Amino acid sequence: METGTNSAPVSIEKNESFRDRIATVDESGKRKWIFAQKPKGKWYAARTYISWFFFILFFSLPFIYVHGRPLFLFDVTEAHFIIFGKVFWPQDFFIFGLAMITFIVFIVLFTAAFGRLFCGWVCPQTIFMEMFFRKIEYFIEGNAAEQRLLAKAPWTGKKLFKKTTKHVVFYLFSFIIANTFLAYIIGVKALGKIITEPVHEHVGGLFSILIFSGIFYAVYAFFREQACTVVCPYGRLQGVLLDRNSMIVAYDYKRGEPRGKYTKKVTEDHGDCIDCMQCVKVCPTGIDIRNGTQMECVGCTACIDACDTIMERINKPLGLIRYASENGIENREPLKYTGRMKLYTVLLSILVILLGLLLFTRKDVDATIMRTPGMLYQQRGTDSVSNLYNIKVANKTISSIPLKLKLEGVSGQIQIIGEHNYITVKEEGQGAGTFFVVLPANIIHERKLPIKIGLYNGNERVDVISTNFLGPVAE
Ligand code: SF4
Ligand code: SF4
């Protein structure tokens with residue numbers, strides 16, 4: 001065996017042919033359907049409880065409204081996001097940028113330390129596949145052996161009934177998931193309109209629901225583990241993210257090899273692995289974990305449970321397959337907090353602090369002020385000069401703001417064009433306006449005078465914008 005990361009090889013078996021192709025493809029390149037046996041054990045039970053928590057969260061979050069607006073909304077079509085009730089606009093792109101970098105560093109650190117813990121325990125693809133759709137399949141088609149027989153059986157009425165029922169149920173749940181998914185993007189209220197109002201008014205929305213439903217159905221009914229082994233970029237990055245100290249689901253080859261069939265007679269000539277293949281039979285990606293770390297392993301722990309059950313039966317210590325690092329297995333070392341992990345932790349801490357600061361100091365109002373293009377200045381009688389400006393404002397709060405403008409640190413006045421002496425910016429909306437800045441001619445001593453304009457919500461100054469005022473003085 002050779003470990004699958006960039007680390008030095010640990011040879012315990014020379015046959016490397018399993019690396020020639022992924023486990024779900026045969027010699028001729030055709031898909032090998034995985035009939036994974038249902039795991040049973042403490043890890044599977046723990047994952048089941050976590051999956052319930054996940055499902056409750058996933059299906060309920062879009063329905064949670066605080067002060068009349070969703071707690072979470074990821075409206076990519078309008079570039080409008082609500083996270084924990086806080087509204088984010090495209091103007092907050094630097095927060096998003098930093099959040100993305102923080103997230104990537106977190107992923108790198110997390111993976112370096114805990115391997116594919118995310119894939120096995122939290123990834124929606126694994127959770128929906130293994131804890132939802134696979135369970136429906138067990139319920140309708142029976143266990144792995146029965147599923148295999150059914151697949152080979154001729155098309156009788158019974159087979160047709162089971163297959164049709166399974167696919168109808170899969171599609172129905174895919175439809176529900178697609179609707180929930182869309183609720184995160186457009187909000188439950190908008191989704192409700194698509195569902196209840198006449199079809200011709202929401203052709204685009206209905207089309208999106210059908211597309212999403214089709215994609216989810218195709219993934220869970222047919223594509224399945226290929227999403228993790230062929231498509232997911234995170235899975236393909238494992239080779240560079242993991243090292244010999246990362247925690248992985250690992251087979252203890254030192255203890256298990258040489259493997260040999262179980263006999264009641266105590267023998268010293270083989271290890272604890274009795275080659276029962278239970279770890280392979282439960283694997284949803286069809287691999288043999290005894291071959292070492294492989295890209296296809298999603299860290300689901302099914303093989304740990306399967307092997308522990310066998311170890312219990314043959315009266316051997318549990319944990320022949322367990323969470324461990326490659327070094328841990330080879331040198332009998334405990335999991336380590338390495339220099340690389342420490343470095344990532346420092347980096348991550350800095351990023352989290354920065355992100356926290358940005359979020360904490362984030363303004364409720366974002367404005368840009370620009371002088372009206374193509375205009376220089378206007379003489380106002382003999383003693384004043386004016387410049388015309390355009391203002392665009394994004395209001396990130398849940399209340400409408402009557403925005404007043406005041407000159408800061410300079411005498412003069414601001415004249416807003418329109419009926420009012422303020423610009424109304426609707427809640428979670430954008431506003432725009434045009435205004436003159438009028439300055440006394442005697443204070444203009446340079447062609448480009450830097451000025452500051454304060455934005456006020458009532459008496460509260462919400463922002464100060466710097467701009468330039470063009471005057472008639474030659475440079
Ligand atoms: S389940 Fe355990 S004993 Fe059986 S083949 Fe796998 S590693 Fe060996
Ligand atoms: S090898 Fe084990 S942990 Fe990895 S995917 Fe297969 S069953 Fe899950």
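Only a predicted model underlies this, so the values are computations on that prediction, with no experimental measurement involved.

Asks: How should I be thinking about the overall build of the chain in this particular structure?
Replies: The helix and strand tally for the chain stands at 16 helices and 16 strands. Against the globule reference of 23 Å for 475 residues, the chain gives a C-alpha radius of gyration of 31 Å, more extended than a compact globule. Summarising its shape, the C-alpha atoms of the chain cover approximately 110 × 60 × 40 Å along the three principal directions. Counting over 475 residues, the chain shows a buried share of 47%. Here the chain has roughly 25200 Å² of accessible surface; of this, 65% comes from carbon and sulfur atoms. Once the 55 positive and 42 negative side-chain charges of the chain are each reduced to a mean point, those two points are 4 Å apart.

Asks: What should I look at first to understand the nonpolar core in this one?
Replies: Generally speaking, soluble globular proteins have nonpolar side chains that are buried together. If you look at the biggest cluster of nonpolar residues, it comprises 28 residues, and the most contacted ones within it are Y251, I289 and I321. For this core, the secondary-structure elements that each account for two or more residues are strand 6 (248-251), helix 13 (278-281), helix 14 (302-313) and strand 7 (321-324). The biggest single contributor to this core is helix 14, with 5 residues. Beyond its immediate sequence surroundings of up to four residues, I289 is in contact with V249, Y251, C279, Q294, C297, C303 and I321. In this structure, V385, L405, L407 and I444 belong to the second largest nonpolar core, which totals 26 residues.

Asks: Sorry, what's going on with the site of ligand 2 here?
Replies: In the vicinity of ligand 2 there are 13 residues, among which C283, C297, V298, C300 and C303 approach most closely. Tallied by class, the residues present in the shell around ligand 2 amount to 10 nonpolar, 3 polar and no charged.

Asks: Explain the site of ligand 1 to me, please; I cannot follow it from the model alone.
Replies: Taken together, 13 residues are adjacent to ligand 1, and C273, C276, M277, C279 and C307 come closest. Those elements giving two or more residues to the shell around ligand 1 turn out to be helix 13 and helix 14. Its residues assigned to classes, the shell around ligand 1 comprises 10 nonpolar, 1 polar and 2 charged.

Asks: Could you clarify how one ought to interpret the side chain of D308 in this entry?
Replies: Structurally, the position occupied by D308 is in helix 14. A distance of 2.9 Å separates the side chain of D308 from the backbone nitrogen of G319, its partner in a polar contact. Each residue touching D308, except ones within four places of it in the same chain, is listed here: L318, G319 and I321.

Asks: Mind showing me how you'd approach the pairing of strand 16 (residues 460-470) here?
Replies: Side-chain direction in a regular strand flips from residue to residue, so the side chains alternate between the two faces of the sheet. As paired elements, strand 15 (residues 448-457) and strand 16 share 10 bridges and run antiparallel to each other. Bridge pairing links K452 to S466 in strand 16. Between strand 15 and strand 16, which pair antiparallel in sequence order, lie 2 residues; one of them, G458, sits at a positive phi of approximately 65°.

Asks: Teacher, can you tell me more about the pattern of salt bridges here?
Replies: Counted by the stated rule, this structure contains 16 salt bridges. For K163, the salt bridge goes to E141, with nearest N and O atoms at 3.1 Å. You can see K163 sitting in helix 6 (residues 157-186) and its partner E141 sitting in helix 4 (residues 124-141), a full 22 residues away along the chain. Of the two residues, K163 and E141, neither departs from the other in class, the shared state being buried. Overlapping salt bridges bring together E137, E141, K163, K166 and R224 as one network.

Asks: Could you clarify how one ought to interpret the sheet that holds strand 16 in this entry?
Replies: Whether parallel or antiparallel, the strands of a sheet pair through hydrogen bonds between backbone atoms. Reading across the sheet, the 4 strands line up as 13-11-15-16 and stay open at both edges, with antiparallel pairing between neighbours. Each of the sheet's edge strands pairs with one partner strand only, and the pair in question is strand 13 (423-425) and strand 16. Sheet twist, expressed as the mean angle between neighbouring strand axes with direction ignored, is 35°.

Asks: Looking at this structure, I do not really get the sheet that holds strand 5 (residues 86-88). What am I missing?
Replies: Spatially, 3 strands are ordered 3-4-5 in an open sheet, and the strand pairing comes out antiparallel. Of all strands in the sheet, those bounded by a partner on one side alone are strand 3 (72-75) and strand 5. Strand-to-strand twist of the sheet, defined as the mean angle between neighbouring strand axes without regard to direction, takes the value 25°. Taken together, the 3 bridges between strand 4 (residues 80-83) and strand 5 define a ladder with antiparallel strand orientation. Along strand 5, the bridge assignment pairs I82 with V87.

Asks: When you look at a positive patch on the surface in this model, what are you seeing that I'm missing?
Replies: Together, R148, K152, K261 and K281 make up a region of like positive charge exposed at the surface. Take K261: its relative accessible area is 57%, and that puts it in the exposed class.

Asks: Is there a simple way to explain helix 8 (residues 203-223) in this structure?
Replies: Side chains of residues three or four places apart in an α-helix project in the same direction, reflecting 3.6 residues per turn. For helix 8, with 21 residues, the first-to-last C-alpha span of 28 Å sits near the 30 Å given by 1.5 Å per residue. Considered for burial, the residues of helix 8 that qualify are G205, I209, S213, F216, Y217, V219, Y220 and A221. Considering only its buried residues, helix 8 is in contact with helix 4, helix 6 and helix 7 (188-196). Count one or two residues on from helix 8 and you reach R224, which has phi positive near 45°.

Asks: Would you mind going over the packing of aromatic side chains with me for this structure?
Replies: Any two aromatic rings considered together are summarised by their centre-to-centre distance and by the angle between their planes. Considering all chains together, one arrives at 31 aromatic pairs under this definition. Arranged with centres 5.9 Å apart and planes meeting at 80°, the rings of W43 and W121 form a pair that is edge-to-face. You can see W43 sitting in helix 1 (residues 42-60) and its partner W121 sitting in helix 3 (residues 117-121), a full 78 residues away along the chain. A residue is classified by how much of its surface remains accessible, and W121, at 12% relative accessible area, is buried. When the ring centre of W155 is taken as reference, the NZ or CZ atom of K159 above it lies at 4.5 Å. Note that K406 overlies the ring of Y456, its terminal NZ or CZ placed 4.3 Å from the centroid.

Asks: Would you mind going over helix 14 with me for this structure?
Replies: Between its first and last C-alpha, helix 14 extends 17 Å over 12 residues, near the 16 Å set by a 1.5 Å rise per residue. Counted residue by residue, helix 14 has 9 buried out of 12 residues, so it is predominantly covered. Taken as a whole, helix 14 has its buried residues at A302, C303, I304, D305, A306, C307, D308, I310 and M311. Lining the buried residues of helix 14 we find helix 1, strand 6, helix 12 (253-256), helix 13 and strand 7. Taken from the residues just after helix 14, N315 is the one with a positive phi, measuring 65°.

Definitions and cut-offs
- Residues numbered from 1 in each chain as written.
- Chains lettered and ligands numbered in written order.
- Predicted model: local features only at pLDDT ≥ 70, side-chain atom pairs only at ≥ 80, totals over all residues.
- Heavy atoms only, no water.
- Helix = DSSP H or I, 4+ residues; strand = E, 2+ residues; numbered from the N terminus.
- Rg over C-alpha atoms; globule rule 2.2 N^0.38 Å.
- Buried < 20%, exposed > 50% of the residue type's maximum accessible area, 1.4 Å probe, protein only.
- Areas by Shrake-Rupley, 256 points an atom, 1.4 Å probe, with all protein chains shown as cover.
- Lys, Arg positive; Asp, Glu negative; His and termini not counted.
- Charge placed at Lys NZ, Arg CZ, Asp CG, Glu CD.
- Core = buried A, V, L, I, M, F, W, Y, C linked by side-chain atoms within 4.5 Å.
- Contact = heavy atoms within 4.5 Å.
- Near = heavy atom within 4 Å.
- Nonpolar A, V, L, I, M, F, W, Y, C, P; charged D, E, K, R; others polar.
- Polar contact = N/O pair within 3.5 Å; in protein donor to acceptor, adjacent residues only side chain to side chain.
- Pairing = 2+ DSSP bridges.
- Salt bridge = Lys/Arg side-chain N within 4 Å of Asp/Glu carboxyl O.
- Axes fitted to C-alpha atoms, helices over the stretch in contact; angles between N-to-C directions.
- Patch = residues over 30% accessible without salt bridge, like charges linked within 9 Å, V, L, I, M, F, W, Y side chains within 5 Å.
- Expected span 1.5 Å × (residues − 1).
- Phe/Tyr/Trp six-rings, centres within 6.5 Å; stacked < 30°, edge-to-face > 60°.
- Lys NZ or Arg CZ within 6 Å of the ring centre and 35° of its normal.

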